[in-house]
Amino acid sequence: MFNVIVKDTYDEVSFEAFKVMKGVLNQEKPVLGLATGSSPVGLYKEMIKDHKENGTSYKDILTFNLDEYIGLPRDHEQSYWTFMHENLFDFIDIPEENVHVPLGNGDVEQNCIDYENELKKHVVDVQVLGIGSDGHIAFNEPGTPFDSLTHLMDLEEQTRQDNARFFDNDINQVPERAITMGLASIMRARKIIMIATGANKADAVKGMLEGEKTTACPASILQDHPDVTVVLDKEAASKLG
Ligand code: F6R
């Protein structure tokens, strides 16, 4: 079930997402599913502010990130491990051993199995998601089976183009593969916060909310989830009927 909220500015969108997150942070020992990319940065800023101003502690909180590029060293400036530290973990009191980010190096097939097994030991209380302009969630590109678990994914040209902005606008520097939670892994979360802003997300948002449930739009699987808060700006909501 979708609860759709439309706001004027990115800051307001981020604050709405934070309100849902705050409800989960108030629970005992919550498990957070986290995303990278531009969409959740404002939410993470709110979480850091709340930690500083209200003393919300992350000492007992576990986090699981959605995905990671294959082949970048962990400390590469564009790895998702680095992204999470620079945008959240370095500014809150989370112990490093509570942080889980898929490993995109070494025996990556085995890493998929290990990550899924670790994830399965817990229930994610809230999963933060963004959406790709092609309808992907995490790095589950169109065509990914709905019953997929953590797996390797060849990234679509469109996704690599969208992400080239982080790699000197050079698509050739964007890794071609990623390790990602699967769609079934994501659907196990108790609650989902989807954040989407900007006109380039409008078609994907329409597909997710109003389109046919189909692997051609991976985000459409969320139509089957009992608790999804979708926070949009007007541009991302512009094609909704
Ligand atoms: C990132 C992730 C991706 C992004 C999506 C949108 O961990 O899983 O699915 O959420 O590509 O990216 P942004 O927010 O940068 O537009």
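Attention in this report is confined to the structure presented alongside it. (Residues numbered from 1 in each chain as written. Predicted model: local features only at pLDDT ≥ 70, side-chain atom pairs only at ≥ 80, totals over all residues. Heavy atoms only, no water.)

1. Some points on helix α3 (residues 80-87)
To be explicit about the condition: To sort residues, take the accessible area from a 1.4 Å probe on protein chains only and compare it with the maximum for the residue type: under 20% means buried, over 50% means exposed, and anything in between is partly exposed. Segments assigned H or I by DSSP are reported as helices when at least four residues long, segments assigned E as strands when at least two residues long, and all are numbered from the N terminus. Residue contacts are counted whenever heavy atoms from the two residues lie within 4.5 Å of one another.
Among the residues of α3, Y80, T82, F83, M84 and H85 are the ones counted as buried. Residues of α3 that are buried sit in contact with β2 (31-34), α2 (41-54), β3 (62-65), β4 (67-69) and α5 (157-163).

2. Quick look at the sheet that holds strand β8 (residues 177-180)
This is how it is decided: Two strands pair under a simple rule: DSSP has to find at least two bridges between them. Here the axes come from fitting lines to C-alpha atoms, over the contacting stretch only for helices, and the angles between their N-to-C directions go from 0 to 180 degrees.
Across the sheet, 3 strands lie side by side as β4-β8-β7; this open sheet has antiparallel pairing. The outermost strands of the open sheet, each flanked by one partner alone, are β4 and β7 (151-154). Here the average twist between neighbouring strands, direction ignored, is 25 degrees. Examined bridge by bridge, β7 and β8 share 4 bridges and lie antiparallel to one another. The residue bridging L152 from the neighbouring strand is I179, located in β8.

3. As for the layout of surface pockets
Cut-off, in case you're wondering: Within this scheme a cavity is a closed region of a 1 Å grid, computed over the protein atoms alone, that accommodates a 1.4 Å probe without allowing it to escape, whereas a pocket is open but has protein on both sides within 12 Å along at least five of seven lines; lining residues each have an atom within 4 Å of a point. Grid points are joined across faces, edges and corners, and a volume is the space filled by probe spheres set on the points. Under the scheme applied, nonpolar residues are Ala, Val, Leu, Ile, Met, Phe, Trp, Tyr, Cys and Pro; charged residues are Asp, Glu, Lys and Arg; polar residues are all the others, including Gly.
In this structure, the largest pocket occupies an estimated 510 Å³ of space. Looking at the largest pocket, it is lined by 30 residues, and the ones nearest its centre are T36, G37, S38, N163 and R165. Breaking the lining of the largest pocket down by element, the ones donating at least two residues are β4, α3 and α5. No other element matches α5, which puts 3 residues into the lining of the largest pocket. Among the residues forming the lining of the largest pocket, the class breakdown is 13 nonpolar, 13 polar and 4 charged. Together, R74, W81, E96, V99, H100, V101, P102, L103, N111, Y115, E118 and I179 line the second largest pocket. Looking at the lining of the second largest pocket element by element, the count peaks at 3 residues for helix α4 (residues 108-120).

4. Brief notes about the packing of aromatic side chains
Aromatic ring pairs are described here by two measures, namely the spacing of the ring centres and the angle between the planes. This is how the line gets drawn: Stacked, edge-to-face and tilted are the three classes for Phe, Tyr and Trp ring pairs, Trp counted by its six-membered ring, which pair at centre distances within 6.5 Å; planes under 30 degrees apart are stacked, over 60 edge-to-face, the rest tilted.
Scanning the model with the defined rule gives 6 aromatic pairs in all. Summarising the aromatic geometry, the rings of F64 and Y115 are spaced 6.1 Å apart at their centres and angled 70 degrees between planes, so their arrangement reads as edge-to-face. In this pair, F64 sits in strand β3 while Y115 sits in helix α4, placing the two residues 51 residues apart along the sequence. Here the aromatic cluster, defined as three or more aromatic residues joined through ring pairs, consists of Y69, Y80, F139 and F167.

So far we have only geometry, and geometry alone does not tell us how the molecule works.
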